[in-house]
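# Descriptive analysis of the structure
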Amino acid sequence: MKRTRQITFGWRMHSPCRAGAKASGFVFLEALACGVPAVGSKLDGSREALRDGELGVLTDPDDPVSVREGILSALNTRKGIPPGLSHFAWPAFADRVAQATRAALTAGRH
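Below is a summary of the structure that appears in this document. (Residues numbered from 1 in each chain as written. Predicted model: local features only at pLDDT ≥ 70, side-chain atom pairs only at ≥ 80, totals over all residues. Heavy atoms only, no water.)

### Considering the packing of aromatic side chains
Under the criterion given, the structure shown has one aromatic pair. Plain terms: the ring middles of tryptophan 90 and phenylalanine 93 are 5.5 Å apart, the flat faces sit at 40° to each other, and that makes the pair tilted. Of the two residues, tryptophan 90 and phenylalanine 93 are both situated in helix α4 (residues 90–107); the distance of three residues between them amounts to about one turn of the helix. With relative accessibility at 39%, the residue phenylalanine 93 sits in the partly exposed group. (Phe/Tyr/Trp six-rings, centres within 6.5 Å; stacked < 30°, edge-to-face > 60°. Helix = DSSP H or I, 4+ residues; strand = E, 2+ residues; numbered from the N terminus. Buried < 20%, exposed > 50% of the residue type's maximum accessible area, 1.4 Å probe, protein only.)

Here you go:
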């Protein structure tokens, strides 16, 4: 029986990877929440969604060797939900918004 691995490419899911293509962070977050390794571009918003490589593999889409190494790395990554994904959970997001709001209100008092 042939075994296949699933990985997510966020910057172009249905066409060749290119610099400047837009990635949706939700593609990565949904895949990671299902335990699917992700490969993204270090040149766009993928970087933020993958937390500078903490949650997935970042590659240079203009460098075929970088893309190849990123794909191979993701294929060899153990499937599972990364612990750092909790950064994007609603409670963590709400805490960041509350902190930013308090900081903005406090700054206005000076």
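### Digging into the pattern of salt bridges
This model, assessed by the stated rule, comprises one salt bridge. For the salt bridge of arginine 47 with aspartate 52, the shortest nitrogen-to-oxygen distance reads 3.0 Å. On the basis of relative accessibility, which here comes to 41%, the residue arginine 47 falls in the partly exposed class. (Salt bridge = Lys/Arg side-chain N within 4 Å of Asp/Glu carboxyl O.)

### So, a nonpolar patch on the surface
Taken together, the side chains of Trp90, Phe93 and Val97 present a nonpolar region at the surface, about 340 Å² in accessible area. Assessed through its relative accessible area of 62%, tryptophan 90 is described here as exposed. (Patch = residues over 30% accessible without salt bridge, like charges linked within 9 Å, V, L, I, M, F, W, Y side chains within 5 Å. Areas by Shrake-Rupley, 256 points an atom, 1.4 Å probe, with all protein chains shown as cover.)

### So, helix α3 (residues 64–75)
Taking 1.5 Å of rise per residue, twelve residues should cover 16 Å, and α3 covers 16 Å from first to last C-alpha, within 8% of that figure. Among all positions of α3, only Ser66, Val67, Gly70 and Ala74 are buried. Seen along its axis, α3 keeps its buried residues to an arc of 100°; they face one direction. Turned more than 90 degrees away from the buried face of α3, the exposed residues are Pro64 and Arg68. Among the structural elements, β2 (38–41) and β3 (57–59) are those in contact with the buried residues of α3. The backbone nitrogen of valine 65 has a side-chain oxygen 3.1 Å away, supplied by the residue at the start of α3, namely aspartate 63. (Expected span 1.5 Å × (residues − 1). Arc of directions from axis to C-beta. Contact = heavy atoms within 4.5 Å. Polar contact = N/O pair within 3.5 Å; in protein donor to acceptor, adjacent residues only side chain to side chain.)

### Re unusual backbone geometry
In the Ramachandran plot, arginine 51 falls in the positive-phi region, its phi being about 50° despite a non-glycine side chain. For arginine 51, the location among the structural elements is in the loop between α2 (46–49) and β3. Take arginine 51: its relative accessible area is 29%, and that puts it in the partly exposed class.

### What to know about the nonpolar core
With nine residues, the main nonpolar core is built from Phe28, Leu29, Leu32, Ala38, Ala49, Leu50, Leu55, Leu58 and Leu85. Per-element accounting of this core gives the leading share, three residues, to helix α1 (residues 25–33). Leaving out residues up to four positions away in the same chain, leucine 85 has contacts with Leu29, Leu32, Ala33 and Leu55. (Core = buried A, V, L, I, M, F, W, Y, C linked by side-chain atoms within 4.5 Å.)

Geometric values such as these leave the question of function open.
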